[in-house]
Amino acid sequence: GTPVDMLNPPEGCPFAPRCEYAMKICLQKMPPYVELGENHRAACWLRVQEQMAKEKSGQADAKAGSQTENKEAGDHE
Ligand code: SF4
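All residue numbers here refer to positions counted from 1 along the written sequence of the relevant chain. Residue-level local features of this predicted model are given only where pLDDT is at least 70; pairs of side-chain atoms are given and counted only at 80 or more, and the full residue set underlies all totals for whole chains, interfaces and linings. In computing side-chain values, all of the structure's heavy atoms are included and hydrogens and water are not.

S.K.: What is the right way to look at the overall build of the protein in this model?
M.R.: Secondary structure elements are defined from DSSP: runs of H or I of at least 4 residues count as helices, runs of E of at least 2 residues count as strands, and each element is numbered from the N terminus. Tallying secondary structure elements over the protein gives two helices and two strands in all. Each helix (α) and strand (β) of the protein, taken in turn from the N terminus, gives the series α-β-β-α. Every one of the 77 residues in the protein was classed for burial, and the buried ones make up 12%. A fraction of 4% describes how many contacts in the protein between residues 6 or more apart in sequence connect residues 24 or more apart. Accessibility here uses a 1.4 Å probe with only protein chains present; expressed as a share of the type maximum, an area under 20% marks a residue as buried, one over 50% as exposed, and anything in between as partly exposed. For this analysis, residues touch if any pair of their heavy atoms sits within 4.5 Å.

Structure, rendered in structure tokens:
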């Protein structure tokens, strides 16, 4: 592919024209940074989606845990 013109950068991810995983949003908005570990972060919509899925899964786990705790608390009353 061709590197982007840094004097006239694209609106979305600069890799979008050359990325085989590019999605519609990649052409529209620059992805935010996602922390992947200590001193390791990435700006990619795929990582954003992964992070959102993890958070959603964590919330679902926390909710399930909370419901279990509530049930257990109710069992002891
Ligand atoms: S945000 Fe990620 S998936 Fe999208 S074009 Fe850039 S590198 Fe590819």
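S.K.: What is the right way to read unusual backbone geometry from this model?
M.R.: One non-glycine residue, Asn39, adopts positive backbone phi at about 60 degrees. Of note, Asn39 is situated in the loop between strand 1 (33–37) and strand 2 (40–43). Classification of Asn39 by relative accessible area gives exposed; the value is 78%.

S.K.: I would appreciate a short explanation of the pairing of strand 2 in the present structure.
M.R.: A regular strand carries its side chains on alternate faces of the sheet. In this analysis, strands are considered paired if DSSP registers two or more bridges between them. Bridge count for strand 1 against strand 2 is four bridges, and the pairing is antiparallel. Counted as the bridge partner of Val34 is Ala42 from strand 2. Between strand 1 and strand 2, which pair antiparallel and follow one another directly, the connecting turn spans two residues, one of which, Asn39, has a positive phi of 60 degrees.

S.K.: Can you walk me through the site of the ligand in this structure?
M.R.: Any residue with a heavy atom lying within 4 Å of a molecule or strand is counted as near it. As a structural note, the neighbourhood of the ligand is formed by Cys13, Ala16, Cys19, Tyr21, Ala22, Cys26, Pro31, Cys44, Trp45 and Leu46. Residues were grouped as follows: Ala, Val, Leu, Ile, Met, Phe, Trp, Tyr, Cys and Pro as nonpolar; Asp, Glu, Lys and Arg as charged; and all remaining residues, including Gly, as polar. Classifying every residue of the shell around the ligand by side-chain character gives 10 nonpolar, no polar and no charged.

S.K.: Before we go on, may I ask you to explain the packing of aromatic side chains in this structure?
M.R.: The way to describe two aromatic rings as a pair is by their centre distance and the angle between their planes. Centres within 6.5 Å make a pair out of two Phe, Tyr or Trp rings, where for Trp the six-membered ring is used; the pair is then stacked when the planes are under 30 degrees apart, edge-to-face when over 60, and tilted otherwise. Per the counting criterion, the structure on display carries zero aromatic pairs. Sitting above the plane of the Tyr33 ring, Arg41 keeps its charged end 3.8 Å from the centroid. The rule for a charge over a ring is simple: NZ of Lys or CZ of Arg within 6 Å of the ring centre, and within 35 degrees of the ring normal.

S.K.: Sorry, what's going on with the environment of Arg18 here?
M.R.: Its place among the elements puts Arg18 in the segment before helix 1 (24–28). Owing to a relative accessible area of 42%, Arg18 belongs among the partly exposed residues under this scheme. Along the backbone, Arg18 and Pro3 are 15 residues apart, and their C-alpha atoms lie at a distance of 8.7 Å. Apart from the residues lying within four places of it in its own chain, the contact partners of Arg18 are Gly1, Thr2 and Pro3.

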